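# Chain and residue survey
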Amino acid sequence: MSNPNYEAIDTIAEGIRATFEAKNAARDAAINQSRTLIRYCANAIRAVHRREWDEAQQRLDTARQSADEMRAAVADYPDLYYSGYTQDALKEFVEANATYALVRGEALPTPATLDVDAATYLNGMAEAATELRRQILDILRQGHSDEAERLLAAMDAIYGVLITFDFPDAITGGLRRRTDTVRGVLERTRGDVTSSLRQQLLRDALARLEGRIGLGAAGELELEMGEEDETDVS
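Residues numbered from 1 in each chain as written. Predicted model: local features only at pLDDT ≥ 70, side-chain atom pairs only at ≥ 80, totals over all residues. Heavy atoms only, no water.

Let's shift gears to the overall build of the chain. When its secondary structure is counted, the chain shows nine helices and zero strands. In the chain, the succession of helices and strands from N to C terminus is α-α-α-α-α-α-α-α-α. Within the chain, the fraction of its 234 residues that count as buried is 36%. Counting only contacts in the chain whose residues sit at least 6 apart along the sequence, the fraction spanning at least 24 positions is 71%. For the chain, the accessible surface area stands at approximately 14000 Å², while carbon and sulfur atoms represent 54% of it. (Helix = DSSP H or I, 4+ residues; strand = E, 2+ residues; numbered from the N terminus. Buried < 20%, exposed > 50% of the residue type's maximum accessible area, 1.4 Å probe, protein only. Contact = heavy atoms within 4.5 Å. Areas by Shrake-Rupley, 256 points an atom, 1.4 Å probe, with all protein chains shown as cover.)

Spelled out as structure tokens, the structure:
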């Protein structure tokens, strides 16, 4: 004689197994999509540093589509959406879009336009700020310019905002550590920009000095030639 209690547990177990299989499939899809998204974002940032604007925009568009697909894969599973691999990929998505906007001098994307949570957005902005160092150094290799100063000011502004979020890491997703990283990168970059400015001022001063010396030498040469002409005539 069969026990109805045993049959019930089998039925329950089969339902749970089907639930787990669906969730595991969603997890696998999200992990694969997160890797793809991170790759698209890295390529977009690389294009930004090369100032290949059309390529960068295409990569960002592709990344947005990938982010939408990843979110859709875990839409029914909030715990998967808030897992490390999903939020890390979305953080890279924020970083790529913010880096593009900062370098181009465009308005920053908002958490709403990127469809990301607040903590993910702030962490992505922190990493975008550190990406500006590479841009600034590339500019300084060509000589000091207002563009380097603009990007340094943007980095400083982001840091100034990040330090105001004094909340536990459980809420901010480890923002404090990234803010500390931004501070270190900011100070090194500020030193590089200051050195570049001083070198530019020195070069300008030397150029003015050389100009004055050159004019003085030319005047003396003209005077000597004039005296020689008078001697020949006499």
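The next point concerns the pattern of salt bridges. Under the definition given, this model contains 17 salt bridges. Of the charged contacts, one joins lysine 23 and aspartate 79 as a salt bridge, the two residues approaching to 2.5 Å between their closest N and O atoms. Taken together, the residues span a long stretch of sequence, with lysine 23 in helix H1 (residues 4-49) and aspartate 79 in helix H3 (residues 78-81) at a distance of 56 residues. Among the ionic pairs, aspartate 68 bridges to arginine 71, the shortest N-O distance being 2.8 Å. Linking aspartate 68 with arginine 71, this pair stays in helix H2 (residues 53-73), spanning three residues, or about one helical turn. Note on aspartate 68: relative accessible area 40%, which makes it partly exposed. A residue is classified by how much of its surface remains accessible, and arginine 71, at 10% relative accessible area, is buried. Shared partners join several salt bridges into a network, and the residues in it are Lys91, Glu92, Glu127 and Arg178. (Salt bridge = Lys/Arg side-chain N within 4 Å of Asp/Glu carboxyl O.)

Now for the packing of aromatic side chains. Counted by the stated rule, this structure contains two aromatic pairs. Between tryptophan 53 and tyrosine 100, the ring centres sit 6.2 Å apart and the planes meet at 80°, which makes this aromatic pair edge-to-face. Linking tryptophan 53 in helix H2 with tyrosine 100 in helix H4 (residues 84-104), this pair joins segments that are 47 residues apart in sequence. A ring pair is formed by tyrosine 81 and tyrosine 82, whose centres lie 4.8 Å apart and whose planes are at 85°; its orientation type is edge-to-face. Residue tyrosine 81 is classed as buried on the basis of its relative accessible area of 14%. (Phe/Tyr/Trp six-rings, centres within 6.5 Å; stacked < 30°, edge-to-face > 60°.)

Side chains three or four residues apart in an α-helix point the same way, a direct result of the helix having 3.6 residues per turn. Along its 17 residues, helix H7 (residues 146-162) runs 24 Å from first to last C-alpha, staying within 8% of the 24 Å computed at 1.5 Å per residue. Along H7, the residues that are buried comprise Ala148, Leu151, Leu152, Ala154, Met155, Ile158, Tyr159 and Leu162. On an axial view of H7, the arc spanned by its buried residues comes to 155°, and they lie on one face. (Expected span 1.5 Å × (residues − 1). Arc of directions from axis to C-beta.)

With respect to the secondary-structure elements, threonine 189 resides in helix H9 (residues 175-233). Other than its neighbours up to four places away in sequence, threonine 189 contacts Arg133, Ile136, Leu152 and Met155.

All right, on to the nonpolar core then. Ranked by size, the top nonpolar core spans 52 residues in total, and within it Leu37 and Ile136 carry the most contacts. When residues of this core are traced back to their parent elements, those giving at least two are H1, H2, H3, H4, helix H6 (118-140), H7 and H9. If you tally residues by element for this core, the top one is H6, at ten residues. When sequence neighbours within four positions are dropped, the list of residues in contact with leucine 37 reads Ala63, Ser66, Ala67, Met70, Ala89, Leu90 and Phe93. (Core = buried A, V, L, I, M, F, W, Y, C linked by side-chain atoms within 4.5 Å.)

This next bit is on a nonpolar patch on the surface. A cluster of nonpolar side chains, namely Ile9, Ile12, Ile16 and Phe20, defines an oily patch on the protein surface of about 400 Å² accessible area. Locating isoleucine 9 in the fold gives a position in helix H1. (Patch = residues over 30% accessible without salt bridge, like charges linked within 9 Å, V, L, I, M, F, W, Y side chains within 5 Å.)

Take the environment of threonine 194 next. Among the structural elements, threonine 194 can be located in helix H9. In this structure, the C-alpha to C-alpha distance between threonine 194 and histidine 144, residues 50 residues apart in sequence, is 9.3 Å. Here arginine 190 takes part through its backbone oxygen, which lies 2.8 Å from a polar atom of the side chain of threonine 194. (Polar contact = N/O pair within 3.5 Å; in protein donor to acceptor, adjacent residues only side chain to side chain.)

What follows covers unusual backbone geometry. Phi is positive for arginine 51, which is not a glycine, with a value near 60°. Counting through the fold element by element, arginine 51 comes out in the loop between H1 and H2. Given the relative accessible area of 36%, arginine 51 is considered partly exposed.

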